[in-house]
Amino acid sequence: MSAIKLPIVPASFFAIVLGLCGLGGAWRAAHRVWETPVWVSEALMAAAVIIWIILAVLYILKWVFVRAAAKAELMHPIQCCFIGLGGVSTMLVGGALLPYSRIAAVIVFAVGAILTVCFGVWRTGLLWQGDRDPSTTTPVLLLPTAAGAFVAATNLSALGYPDWGQVVFGIGFFSWLAIESILIHRLYTMPQMIPALRPTLGIMLAPPTVGGIAYLSGTVGAPDALVHAMLGYGILQALVLIRLIRWLRAQPFGAGYWAFTFGASALATLAIRLVDRGDTTGPVVTSAPYFLGLASLVIAVIALATLRQLLTGKLVPAPVPAAAPAPAPASP
């Protein structure tokens, strides 16, 4: 019988789920505010759920059949943080299911939250011990705690637990401020990132925008100065990334470019939710439709390029055969 062959799916592929769920959330918000077609958001959410199932199965099978590769990823100083996206994407899928089944949403969210907490605490414990190469300091450090906490806070509020959401928001907010200060110091004072790491800078757009959504979800009333300030900082991050497009593109296209999508979709979602919560005049109302259009365009382009790579066999690493049984010893 031929050996089983599996694609070695990197944990970073879970960023695809984040981008699609994020854009689906933006279009859900747009449906509430502007009565856009509901099928757009639900088609995006359905695609995200299907891809999440495929990636989750392949990632579990990687630990079963290609354990050495899975362990190497877990201990890698940069790639390991993408493992946190497994839990974050699972929580987002829980949010996608909420309009259809509260029980399913709670179960899926709980699994994702447990994975996120366990991995975040484990990884943070390693970071506190130091002895790291500063060149491995990249925005992926934001994923286990900042991104995970903001998504958890948003979902907790959506499930009816805004007080818990406020507590969890604090984890994400202060983790973001602490980690970003380290990242800015690294960017300002050390040699520039190698091309392969530059797409991770897309993650910088996510904390202020995803955090702003989490903040709105756990509060009531008209939007206040803090959430407007978070939107403003998100806009700054987006402008800097646009300014760096040529420099960022030194790295050929790959799945890593999905790092830009969650923040881009969250920027649109935050602006639309601010309109929904009471902003009737000013820059937010004017810019919200453009943010939605830009996020949709960015994610559509990246999705089509990803599909093209998948169809040409350039996206997923080559299949690796399962370990063959040891040959029988030769007869004496």
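Residues numbered from 1 in each chain as written. Predicted model: local features only at pLDDT ≥ 70, side-chain atom pairs only at ≥ 80, totals over all residues. Heavy atoms only, no water.

Visitor: In this structure, what is going on with the overall build of the chain? I would like to understand it.
Guide: A count of helices and strands for the chain gives 12 helices and two strands. Taken from N to C terminus, the helices and strands of the chain fall in the order β-α-α-α-α-α-α-α-α-α-α-α-α-β. By the compact-globule yardstick of 20 Å for 332 residues, the chain fits well, its C-alpha radius of gyration being 20 Å. Taken along the three principal axes of its C-alpha coordinates, the chain extends 90 × 50 × 40 Å. Considering only contacts in the chain between residues 6 or more positions apart, those separated by 24 or more positions represent 77%. (Helix = DSSP H or I, 4+ residues; strand = E, 2+ residues; numbered from the N terminus. Rg over C-alpha atoms; globule rule 2.2 N^0.38 Å. Contact = heavy atoms within 4.5 Å.)

Visitor: Whenever I open this one, the packing of aromatic side chains confuses me. Can you help?
Guide: Two measures describe an aromatic ring pair: the distance that separates the ring centres and the angle between the ring planes. In the structure shown here, the tally under the stated rule is 10 aromatic pairs. Centroid distance Phe119 to Trp122: 5.8 Å. Interplanar angle 40 degrees. Geometry classified as tilted. A residue pair is termed a helical-turn pair when its members lie 3 or 4 positions apart in one helix, as Phe119 and Trp122 do in helix α5 (residues 102-128) at three residues. Ring plane angle 90 degrees and centroid distance 5.3 Å describe the contact between Phe173 and Phe174, whose orientation is recorded as edge-to-face. Phe173 sits in the buried class, given a relative accessible area of 16%. In this structure Phe174 comes out as exposed when scored by relative accessible area, which is 57%. Through a chain of ring-to-ring contacts, the aromatic side chains of Phe150, Phe169, Phe173, Phe174, Trp176, Tyr215 and Tyr233 assemble into a single cluster. (Phe/Tyr/Trp six-rings, centres within 6.5 Å; stacked < 30°, edge-to-face > 60°. Buried < 20%, exposed > 50% of the residue type's maximum accessible area, 1.4 Å probe, protein only.)

Visitor: How should I be thinking about the side chain of Asn155 in this particular structure?
Guide: Within the fold, Asn155 resides in helix α6 (residues 143-158). Polar contacts involving the side chain of Asn155 include one to the main-chain carbonyl oxygen of Met91, which spans 2.6 Å. Apart from the residues lying within four places of it in its own chain, the contact partners of Asn155 are Met91, Leu92, Gly95 and Phe109. (Polar contact = N/O pair within 3.5 Å; in protein donor to acceptor, adjacent residues only side chain to side chain.)

Visitor: Honestly, the packing of helix α4 (residues 84-97) against α6 in this entry has me stumped. Any pointers?
Guide: Angle between the axes and distance between the axes are the two parameters that describe a pair of packed helices. At a closest axis distance of 9 Å, the pairing of α4 and α6 adopts a crossing angle of 15 degrees. One finds that α4 runs roughly parallel with respect to α6. In this structure, the crossing between α4 and α6 has a hand that is left-handed. Residues Leu85, Val88, Met91, Leu92 and Gly95 of α4 pack against Leu143, Gly148, Val151, Ala152 and Asn155 of α6. When its residues are assigned to classes, the contact of α4 with α6 shows seven nonpolar, three polar and no charged. (Axes fitted to C-alpha atoms, helices over the stretch in contact; angles between N-to-C directions. Parallel < 35°, antiparallel > 145°, perpendicular 65-115°, else oblique. Left-handed = near helix turned anticlockwise from the far one by under 90°. Nonpolar A, V, L, I, M, F, W, Y, C, P; charged D, E, K, R; others polar.)

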